[in-house]
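Reading the structure
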Amino acid sequence: MTEETKTNFIHDIIEADLASGKRTEIVTRFPPEPNGYLHIGHAKAICLDFGTAEKYNGRCNLRFDDTNPDAEDEEYVQAIQDDIKWLGFDWGENRYWASNYFEQMHGYAVALIKKGKAYVCQLPQADFKEYRGAPTEPGKEPPGRKHSVEENLALFEQMKNGTFEDGACVLRARIDMASPNLHLRDPALYRIKRAHHHNTGDTWCIYPMYDFAHCIEDSLEGVTHSMCTLEFEVHRPLYDWILNELNIFHPQQIEFSRLNLTYTVMSKRKLLELVNENLVNGWDDPRMPTLCGMRRRGFTAAAIRNFCGILGVTKVESISEIELFESLVRDDLNETSFRAMAVIDPIKVVLENYPADLTEEFELPNHPKKEELGIRTVPFSRELWIERSDYIDVPPNNKFKGFFVGREVRLRGAYLATCTAVEKDSDGNVIQIQCDLDLDSKGGNGLDGRKVKGTIHWVSALHAVDAEIRNYDRLFTEENPLADKDADFKEFINSAALEITTAKLESGLAKSKPSDRFQFERIGYFCADLDHTEATPIFNRTLTLRAPRK
RNA sequence: UGCCCGAUAGUGUAAUGGAAGCACAUGUGACUUUGACUCACAGGGUCCAGGUUCGAACCCUGGUCGGGCAACCA
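To start, this report covers the structure provided alongside it. Everything numeric here is computed off the predicted structure, so don't read it as measured data.

So, how was this worked out
- Sequence order sets the numbering: in each chain, residues are counted from 1 along the sequence as written.
- Ligands are numbered from 1 and chains lettered from A, in the order in which they are written.
- A pLDDT threshold of at least 70 governs which residues receive local features in this predicted model, and a stricter bar of 80 or more applies before side-chain atom pairs are shown or counted, although totals over entire chains, interfaces and linings include all residues.
- To obtain the side-chain values, all non-hydrogen atoms of the structure were included, while hydrogens and water were left out.
- Pairing between two strands is assigned when DSSP locates at least 2 bridges connecting them.
- Starting at the N terminus, helices and strands are each numbered in turn, a helix being any DSSP run of H or I of at least four residues and a strand any DSSP run of E of at least two.
- Here a residue-residue contact requires only that any non-hydrogen atoms of the pair lie within 4.5 Å.
- Lines fitted to C-alpha atoms define the axes, with helix axes restricted to the stretch in contact, and inter-axis angles between N-to-C directions lie between 0 and 180 degrees.
- To form a nonpolar core, buried Ala, Val, Leu, Ile, Met, Phe, Trp, Tyr and Cys residues must be joined to one another through side-chain atoms within 4.5 Å.
- Summary of the burial criterion: residues with accessible area below 20% of their type's maximum are buried, those above 50% are exposed, and those between are partly exposed, where the area comes from a 1.4 Å probe applied to protein chains only.
- Domain segmentation is taken from an automatic or database assignment of domains.
- Between 65 and 115 degrees an angle is taken as roughly perpendicular, under 35 as roughly parallel, over 145 as roughly antiparallel, and anywhere else as oblique.
- Helix crossings fall into two classes, left-handed where the near helix is turned counterclockwise from the far one by less than a right angle and right-handed where it is turned clockwise.
- For this classification, Asp, Glu, Lys and Arg are treated as charged, while Ala, Val, Leu, Ile, Met, Phe, Trp, Tyr, Cys and Pro are nonpolar and the rest, including Gly, are polar.

1. What to know about the sheet that holds strand β11 (residues 342-343)
Taken together, the seven strands give an open sheet; going across it, the order is β10-β23-β24-β25-β21-β22-β11, and neighbouring strands pair in mixed fashion. The strands lining the two open edges of the sheet, one partner per strand, are β10 (338-340) and β11. Across two bridges, the pairing between β11 and strand β22 (residues 498-505) is antiparallel. By the bridge assignment for β22, V343 is matched with K504. Where helix α12 (residues 322-336) meets the sheet, its contacts fall on β10, β23 (517-520), β24 (524-528) and β25 (538-544), and the angle it forms with β25 comes to roughly 120°.

Printed below as a string of structure tokens:
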């Protein structure tokens, strides 16, 4: 499949910067906080950050933004790296940690203090709220603003040395308590937090805030274009202020809108709720929009990348339809998946004129249009399983492809068969049907070359393998589960998003390896689950085929 | 009653002062040893009101609607 490489407003900026000579090389970064799993929203940022670097022959750093030891944990680091690699991006040698810059950040904080641009504020958090004022009214100057440079230097040193309790004071930028932008009303730069850091251990008891840390990280790494989501737009003046005061390399922050998708939620907190309340089976539950969940579901990295490319990058807040993504997944899977036959709701067919002790082996193509993908061998015998829905007493219209008494149907890749009788139980349920095979029609249309309307799939009952099938569907019943502010989004969980059933599989399928993908013909795309084994086959339904039969 | 951002078919985007395109979705039809794939056709759009201009989706002014911002989170 072709990956979209269309331009966007950020690339326009980059090209202007290259043309004007403002930049000669392009450096970006993907800066996850290691406090959770990546989801498809992050994939948009990853594709933008790494994709932009690739497009302009630049570099994209993977940087773990580990400035808050309360939230972060090493356990997420590996998962994040795995997901990025799975998506198909490579940071090479360029893996960094915000915590590696703690020493330099501290030095920059001292430099700001010496310039009179930062001070230690001993106001309790609640009190500062009052000083900050409201959007419509200016704040007032905190007492700490009156400290001399020497006092601030001494106080900050004490903060660093652990003289104060957690929360006793913070280092603040001295900007403008009357600014219409609340983020410029003397924002906190450093807080005291006695927490064990996964990387720096107990070296520090003060940690930089995002606003102070992020721009410095970008600057130290020579990032030229620092892309982030829209909610940081109002932080940009602070980003620029810090860099200007420090007079160090000045990356450009550019904001774009997040990816939202219908029928799911994207917030880390809400996904965590689903996991904690056992509404899904962990972060890699195939119903989750996490990259590990989507991978387990059978979605492909190529489809995700293509999706992000086609969606484009803008500042418009939007919710994209999942249908577009599903369409791209089908495009990819249609091209790459081996075909197989599986019967999910079986009824038995007895071929009256076929020998009971005979097994034939048919060679069927793995892909109808790609000979190079080879063939597979499928056993055929007197008793078959077909879908219950492929028999009907009276056809509703002339589009029905299956059996009714007297109807001739093609058994995919095998013979033409005519239904001769049906057996039902006392409740009228079909138990099995009888058919006569046209033994001269093997693999074709019969000796007279007649056309047959329907082709259905089947599995030899003698050789069938039983498997567990996990049919996945959309996580929520509402396009936007968050739209109703008065309702808990969890009320809209789709109870049918996971339906476990069994199936009769073509025998070769048992030997699949976890994450092998197939198209079960006429049903959908499936992949072997992580827990799949030859002894206990488990397949996840990635998606149905388009326009499933009604 | 503050500041910032945004608004193009149902959805996501393109057009960067010169013919409003594309994709998905929807509908109809063709083809088919998968009701898939593929192919053809169709419907449907510039938030509103002014202004500048030979010409405005694009520039200006004023509205309307939507989103964000008052963590010692990121």
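2. Some details on the nonpolar core
Soluble globular proteins tend to pack their nonpolar side chains together in the buried interior. Core analysis: the largest hydrophobic core is formed by 64 residues, its most contacted members being I40, I84, I304 and F325. Sorting elements by how many residues they give to this core places helix α2 (residues 40-55) first, with eight residues. Shared between two domains, this core takes at least three residues from each, and those domains are domain 1 (9-256) and domain 2 (268-336 + 467-505 + 512-544). Non-local contacts of I84, meaning those with residues more than four positions away in its chain, are made with F30, L38, I46, F50, L62, F89 and W91. If you look at the next biggest cluster of nonpolar residues, it comprises 36 residues, including Y101, A173, Y190 and L238.

3. Overview of the packing of helix α7 (residues 210-220) against helix α8 (residues 236-246)
One way to put it is that α7 packs onto α8 with a least axis distance of 9 Å and a crossing angle of 60°. By the criterion of interaxial angle, the relationship of α7 to α8 is oblique. As α7 runs across α8, the sense of the crossing is right-handed. Contact residues: D211, F212, H214, C215, I216, D218 and S219 in α7; L238, Y239, I242, L243 and L246 in α8. Its residues assigned to classes, the contact of α7 with α8 shows eight nonpolar, two polar and two charged.

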